[in-house]
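Overview (structure and organization)
If you want the building blocks of each chain, they are given just below.
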Amino acid sequence: MKKLFAISLFLGFIVYPYLSEPSDTFDNHFDKGLTYYQKRNFKMAIKEFDEALKIDPNVAKVYYYMGYAKYKKKDFKGAIKDFNKVYSLDQNYSPFLK
């Protein structure tokens, strides 16, 4: 019985990392940012968008939503900076699906 427990414990340590989703991913931070944005918690949305940008700083949609979150917080200079970054990354950027 002890041997079976030891084997299952050992296999659990090997398999578990592949079953659990890492929380520090671009998609996770971006999705959390969108959730906060939709709930009008713009401070937390900006924080999550910043974390997503640390992982991949070249995604226009993150700057787009962060720009609007800053706009809603009346950080107009920050919003303009983010919108300029959006269009420097993708001059044809549209938040709407094509």
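To keep things clear, this report deals only with the structure shown in the data block.

Some points on the overall build of the protein chain
A count of helices and strands for the protein chain gives five helices and zero strands. When the elements of the protein chain are put in sequence order from the N terminus, they spell out α-α-α-α-α. Sequence separation of at least 24 residues holds for 44% of the intrachain contacts in the protein chain that already meet a minimum separation of 6. When the accessible area of the protein chain is evaluated, it comes to approximately 7600 Å², of which 59% is carbon and sulfur surface.

Points about the packing of aromatic side chains
This model, assessed by the stated rule, comprises 13 aromatic pairs. Their ring planes at 70° and their centres at 5.4 Å tell us that Tyr 37 and Phe 42 sit as a pair that is edge-to-face. Residues Tyr 37 and Phe 42 agree in their burial class; the two are buried.

A look at the packing of helix H2 (residues 26-38) against helix H4 (residues 60-72)
For the pair H2 and H4, the least separation of the axes is 11 Å and the interaxial angle reads 30°. Between H2 and H4, the angle falls in the class roughly parallel. As for the relative orientation of H2 and H4, their crossing is left-handed in sense. Contacts between H2 and H4 pair Phe 26, Phe 30, Leu 34 and Tyr 37 from the former with Lys 61, Val 62, Tyr 65, Tyr 68, Ala 69 and Lys 72 from the latter. Taken together, the residues of the contact of H2 with H4 break down into eight nonpolar, no polar and two charged.

Rules and cut-offs
- Residues numbered from 1 in each chain as written.
- Predicted model: local features only at pLDDT ≥ 70, side-chain atom pairs only at ≥ 80, totals over all residues.
- Heavy atoms only, no water.
- Helix = DSSP H or I, 4+ residues; strand = E, 2+ residues; numbered from the N terminus.
- Contact = heavy atoms within 4.5 Å.
- Areas by Shrake-Rupley, 256 points an atom, 1.4 Å probe, with all protein chains shown as cover.
- Phe/Tyr/Trp six-rings, centres within 6.5 Å; stacked < 30°, edge-to-face > 60°.
- Buried < 20%, exposed > 50% of the residue type's maximum accessible area, 1.4 Å probe, protein only.
- Axes fitted to C-alpha atoms, helices over the stretch in contact; angles between N-to-C directions.
- Parallel < 35°, antiparallel > 145°, perpendicular 65-115°, else oblique.
- Left-handed = near helix turned anticlockwise from the far one by under 90°.
- Nonpolar A, V, L, I, M, F, W, Y, C, P; charged D, E, K, R; others polar.

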